[in-house]
Amino acid sequence: MILKINAIKKRYRTFGSVIIKMASMLIVLFLTVNCSEKEPDFIIKGNPIVTKDIKVNIEMFKENGKRISTAYYDGKSYAIDNSNVMRYKIYVSYQNKYFGNIEMDNLHQKLKGKAVNEIVLVKKNDVITAFYLGISEKEINTGIELLPSDNFFADERTQTVEKQKFTAFYNN
C-alpha cells in the first residue's frame, strides 16, 4: 500500500514538474515575442520601371551607436535589424544620379495606428518623389524630390563620403 502511494506521489511530482517547465517555456516565448522593440520591415513600393534602379540605405541611430544597412538595392529587398532604433536617416538614390534623404525620429511606439515602414516612389514628368509612410492609417501627402547629383551635393568635399551612403551596398 505504501509503495502504491509513493508511486502515485512520484507520478504527480513528475507530471507537475513537466507542467511547470512547459509553462515557464511558454512565458519566456511570450515575453520574447511581445517585448521586442523590432520595427516593421521596410517596404519599397512603386512602378517596377522606377524601383529596379533604386537604392535605399538606412542609417539607424541606437543607444549603442549607429549603423547603416541596405533595405533595397536595384530591385531587391533586404531585411535589416531595425530593433531599438531611436532615429532613422534614409538615403534614396535613383540610377546613382538622383538623390534624396529623409531623417526622422522613430515614433512608432508613441503614435496610434498600425506601424509600417513604407517608402513609396512616384515618377511624374521625369521627377521622382519619395514618400515615407510610418503608419498605415495616415495618408501620404508630402515627399522629397530626388535631385540631380550636382544640385544635391553642392559641397564637393563631402560629395564622395556622402554619395557612398546612397550608392554602396551595406551588409545587414
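Now for a quick tour of the structure. (Residues numbered from 1 in each chain as written. Predicted model: local features only at pLDDT ≥ 70, side-chain atom pairs only at ≥ 80, totals over all residues. Heavy atoms only, no water.)

1. A word on the overall build of the chain
Quick reminder of the rule: A helix here means a DSSP run of H or I that spans at least four residues, while a strand means a run of E at least two residues long, and both kinds are numbered starting from the N terminus. Accessibility here uses a 1.4 Å probe with only protein chains present; expressed as a share of the type maximum, an area under 20% marks a residue as buried, one over 50% as exposed, and anything in between as partly exposed. In this analysis, two residues are considered to be in contact whenever any of their non-hydrogen atoms come within 4.5 Å of each other. What sets the accessible areas is the Shrake-Rupley method with a 1.4 Å probe; for residues, cover comes only from the shown protein chains.
When its secondary structure is counted, the chain shows four helices and ten strands. Reading the chain from its N end, one meets helices and strands in the order α-β-α-β-β-β-β-β-β-β-β-β-α-α. Counting only residues that meet the buried cut, the chain has 33% of its 172 residues in that class. Contacts in the chain between residues far apart in sequence, at least 24 positions, make up 54% of those at least 6 positions apart. Roughly 11,600 Å² of accessible area belongs to the chain as shown, and the carbon and sulfur atoms make up 57% of that amount.

2. Notes on the sheet that holds strand 3 (residues 65-73)
Let me state the cut-off plainly: By definition, two strands form a pair when at least two bridges between them are found by DSSP.
Spatially, the six strands line up as an open sheet ordered 4-3-2-5-6-10, and their pairing is antiparallel. The open sheet has two free edges, formed respectively by strand 4 (76-77) and strand 10 (147-148), since each of these has just one partner strand.

3. Section: the sheet that holds strand 7 (residues 115-124)
The strand order 1-7-8-9 describes an open sheet built from four strands, whose pairing is mixed. Of all strands in the sheet, those with a lone pairing partner are strand 1 (42-46) and strand 9 (144-145), marking the two edges. Across two bridges, the pairing between strand 8 (residues 127-135) and strand 9 is antiparallel. Looking at strand 9, one finds that alanine 130 is bridged to isoleucine 144.

4. Points about the environment of valine 56
Within the fold, valine 56 resides in strand 2 (residues 54-62). Note on valine 56: relative accessible area 0%, which makes it buried. Once the C-alpha coordinates of valine 56 and phenylalanine 42 are considered, the two residues, 14 residues apart in sequence, prove to be 9.6 Å apart. Excluding residues within four positions of it along the chain, valine 56 makes contact with Ile44, Ser69, Thr70, Ala71, Tyr72, Ile90, Tyr91, Val92 and Ile119.

5. Re the pattern of salt bridges
Basically, it comes down to this: Any carboxyl oxygen of Asp or Glu within 4 Å of a side-chain nitrogen of Lys or Arg constitutes a salt bridge here.
A full pass over the atoms with the stated rule returns ten salt bridges. For aspartate 74, the salt bridge is made with lysine 55, and the minimal N-O distance between the two is 3.2 Å. One end of the pair, aspartate 74, is in the loop between strand 3 and strand 4; the other, lysine 55, is in strand 2, and 19 residues separate them in sequence. Residue class for aspartate 74 comes out partly exposed when judged on its relative accessible area of 39%.

6. Here's the deal with the packing of aromatic side chains
Stated precisely, the cut-off is as follows: Think of it this way: a Phe, Tyr or Trp ring, Trp meaning its six-membered ring, pairs with another when their centres are within 6.5 Å, and the plane angle makes it stacked under 30 degrees, edge-to-face over 60, tilted otherwise.
Taken as a whole, this structure holds eleven aromatic pairs when the rule is applied. With a centroid separation of 5.3 Å and 85° between ring planes, the pair formed by phenylalanine 42 and tyrosine 88 is classed as edge-to-face. One end of the pair, phenylalanine 42, is in strand 1; the other, tyrosine 88, is in strand 5 (residues 87-94), and 46 residues separate them in sequence. Accessibility assignment for this pair places phenylalanine 42 and tyrosine 88 in one class, buried. An angle of 90° between the planes, with centres 5.3 Å apart, marks the rings of tyrosine 73 and phenylalanine 169 as edge-to-face. You can see tyrosine 73 sitting in strand 3 and its partner phenylalanine 169 sitting in the segment after helix 4 (156-167), a full 96 residues away along the chain.

7. Concerning the nonpolar core
Inside soluble globular proteins, nonpolar side chains tend to come together where they are buried. Selection criterion: Joining through side-chain atoms within 4.5 Å is the link that ties buried Ala, Val, Leu, Ile, Met, Phe, Trp, Tyr and Cys residues into a set, and such a set is a nonpolar core.
Membership of the largest hydrophobic core comes to 22 residues, with the highest contact counts inside it found for Val56, Ile58, Ile90 and Leu121. Where this core is concerned, the elements lending two or more residues are strand 1, strand 2, strand 3, strand 5, strand 6 (98-105), strand 7 and strand 8. Setting aside its immediate chain neighbours within four residues, isoleucine 58 contacts Phe42, Arg67, Ile68, Ser69, Ala71, Ile80, Tyr88, Lys89 and Ile90.

8. Considering the pairing of strand 2
Sheet faces and side chains relate simply in a regular strand, where the side chains alternate between the two faces. With eight of nine residues buried, strand 2 lies mostly within the body of the structure. As paired strands, strand 2 and strand 5 are joined by eight bridges and run antiparallel to one another. Of the residues in strand 5, the one forming a bridge with lysine 55 is serine 93. Here strand 2 pairs with strand 3 via eight bridges, running antiparallel. Each bridged residue has a counterpart across the sheet, and for phenylalanine 61 the counterpart in strand 3 is lysine 66. Counting the residues that bridge the hairpin from strand 2 to strand 3 gives two residues.

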